[in-house]
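Each chain is listed here by its residues.
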Amino acid sequence: MFPFQRMSSLPFINVCSFGSRRPLKTMWGQRWLSVALLAVAAGLYLLPSPIDPKPHVLKGPPPPLDGPLAANTRLQEGRRLFEGKLYGPESFTADEGGNVYTGTVDGKLWRIGADDSLTFITQMGQNLPECGSSTAYEPVCGRPHGLRLDRHGNLIVADSYLGLHSVDPHTGEKTVLVSNSEGAAGVPFAFLNGLDISSQTGMVYFTDSSSRWGRRHVKLEVIELNNLGRLLSYDPHTGEVSVLLDSLYMPNGIALSPDENFLLLAETSIGRILRFWLKGTKAGTKEVVMDNMVGYPDNIRLSDHGTFLVGITTPRFRKWTPPFLDMIAPYPAVKRFLAKVVPLSFYNVLLPRYALVLELDLDGRLVASLHDPEGRLTWAISDVFQNRGRTYLGNTDLPFLPVVHGAWDS
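My aim in this report is to walk through the structure given alongside it, one point at a time. In this numbering scheme, every chain counts its residues from 1 along its sequence in written order. Only residues with pLDDT of at least 70 get local features here, since the model is predicted, and only at 80 or more are side-chain atom pairs given and counted; chain-wide, interface and lining totals rely on the full set of residues. The basis for every side-chain value is the complete set of non-hydrogen atoms in the structure, without hydrogens or water.

Positioned with a positive phi, Ala 185 is a non-glycine residue whose angle comes to about 55 degrees. With phi around 55 degrees, Ser 247 is a residue other than glycine that occupies positive phi space. Helix numbers and strand numbers start at the N terminus; a helix is a DSSP run of H or I with at least 4 residues, a strand a run of E with at least 2. One can find Ser 247 in strand 13 (residues 241-248).

This paragraph deals with the state of the cysteines. Here, the term disulfide refers to a pair of cysteine sulfur atoms separated by no more than 2.5 Å. Under the counting rule described, the total for this entry stands at one disulfide. There is a disulfide in this structure between Cys 131 and Cys 141, and the S-S distance comes to 2.0 Å. Measuring the twist about the S-S bond at about -90 degrees, one finds the Cys 131-Cys 141 disulfide to be left-handed. Of this pair, Cys 131 sits in the loop between strand 5 (118-123) and helix 3 (138-141) while Cys 141 sits in helix 3; the two residues are ten residues apart in sequence, bridging distant segments of the chain. Each member of the pair Cys 131 and Cys 141 is classed as buried. Buried, partly exposed and exposed residues are distinguished by accessible area as a fraction of the type maximum, computed with a 1.4 Å probe on protein chains only: under 20%, between the cut-offs, and over 50%, respectively.

Right, let's get into the sheet that holds strand 18 (residues 295-302). At least two DSSP bridges between two strands are needed for those strands to be called paired. Spatial strand order, 18-19-20-21: four strands in an open sheet with antiparallel pairing. The open sheet has two free edges, formed respectively by strand 18 and strand 21 (366-372), since each of these has just one partner strand. The mean angle between the axes of side-by-side strands here comes to 25 degrees, regardless of whether they run parallel or antiparallel. One ladder, built from four bridges, connects strand 19 (residues 308-315) with strand 20 (residues 355-360); its direction is antiparallel. A fitted line through C-alpha atoms serves as each axis, taken over the contacting stretch for helices, and the angle formed by two N-to-C directions is quoted from 0 to 180°.

Another aspect to go through is the pattern of salt bridges. Salt bridge, as used here, is a side-chain nitrogen of Lys or Arg placed within 4 Å of a carboxyl oxygen of Asp or Glu. Evaluated as defined, the whole model comprises 14 salt bridges. For Arg 390, the salt bridge is made with Asp 116, and the minimal N-O distance between the two is 2.8 Å. With Arg 390 in strand 23 (residues 390-395) and Asp 116 in the loop between strand 4 (108-112) and strand 5, the pair connects residues that are 274 residues apart, well separated along the chain. Look at Arg 390 and you get buried, because its relative accessible area is 15%. What emerges from the salt-bridge pattern is a single network uniting Arg 79, Asp 116 and Arg 390.

Another aspect to go through is the nonpolar core. Ranked by size, the top nonpolar core spans 20 residues in total, and within it Leu 264, Ile 273, Ile 300, Leu 358 and Leu 360 carry the most contacts. Elements that contribute at least two residues to this core include exactly strand 15 (262-267), strand 16 (272-277), strand 17 (286-290), strand 19 and strand 20. Here, two residues are considered to be in contact whenever any of their heavy atoms come within 4.5 Å of each other. Setting aside residues no more than four positions away along its own chain, Leu 264 makes contact with Gly 253, Ile 254, Ala 255, Ile 273, Leu 274, Arg 275, Val 289, Ile 300, Phe 308 and Leu 360. Residue types Ala, Val, Leu, Ile, Met, Phe, Trp, Tyr and Cys, when buried and joined through side-chain atoms within 4.5 Å, form a set referred to as a nonpolar core. Among the nonpolar cores identified, the runner-up in size contains 13 residues, and Phe 189, Leu 195, Val 204 and Tyr 234 belong to it.

Aromatic pairing here means that ring centres of Phe, Tyr or Trp (its six-membered ring) are within 6.5 Å. Orientation follows from the plane angle: under 30 degrees is stacked, over 60 is edge-to-face, and everything else is tilted. Under the criterion given, the structure shown has eleven aromatic pairs. Among the aromatic residues, those joined into a ring-pair cluster are Phe 92, Phe 385 and Tyr 392. Whether a charge sits over a ring depends on NZ of Lys or CZ of Arg being within 6 Å of the ring centre and within 35 degrees of the ring normal. If you follow Arg 353 out to its NZ or CZ, it ends over the ring of Trp 379, 3.8 Å from the centre.

Structurally, Arg 111 can be placed in strand 4. In contact with Arg 111, not counting residues within four places along its chain, are Asn 99, Val 100, Tyr 101, Ser 117, Leu 118, Thr 119, Ile 121 and Pro 169.

Structure representation (structure tokens):
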């Protein structure tokens, strides 16, 4: 008899059997949990992703905050207007009487008087009580982005969902110039954005940030990193729309040079600024004037002393790790997975409350920057508009209008 046969006695078996019931249940519980997790993983893998990203190789890490980029607090010298009344004043223009015009996330256009009065002009889409409560209502309510006054005193408005409009700033009467469904060259618009108007010819230059994603899905647009955007022109004399550039990475703000020989154009999703020549031997060609930027550029405006001002919607800072979008840019599979499982609102926690404006000379060289490192006055700057000794700082969805008093020099 082997020694361990004596260990097979009934009392011992009874003791072991009673004592091993819990481990047996635990083992089966772990197996079922593993099976469930595998099933969930397989389901997520098979679930189609809303985006179709391509790998993108960055030019390098973001530039350090030194020289013209050295941190300062120059954007903290201001105040907030219309708190709780203006949500996301994105872009601005002004008339000769000192009135400033802007549009907000609820699809409304507003006039700000020289005395800081606020007057409603019109609703770009349907004026519903739900407008502004959720991005789901934007296609119905409208979302005005770029706007300028033309030579006849009308507001030319690029509404992200409803197309290019002319609006009488006194009566609010709207005229559709080009609808999103019409588009250009057989391709509908999906995300009208930046706009500028030639004072010499009246030509309207504007951008369609994407032919796939609307404004309410801008985070998917940025994560996907596609080149489905276009620079376009609208001739007010003929009504003709022309495609000037295509295959652009989320083209956004544009600004004509003082002599209107060229315009600067921001490609937001890859942190780049292009120069597009309108006149001269280079007419119709583009060139990169700034790349691998310290943040993602939004609108570009001429300053009151002959430079370009660029609003940075999100800084691209390296801390302990590379910026989030830098890390995922080369990996389409990672981006597809994130688009399937991460709610778009979650990405807001990754955005620093840091305000930044870049100042460029007419050759596109960085000459200065203005900062609000703690976001005391504002952050996520969309537009930088100077008028009568004030600088209006736009944003896409904050509930106030930041204004910096006094002009600045480089």
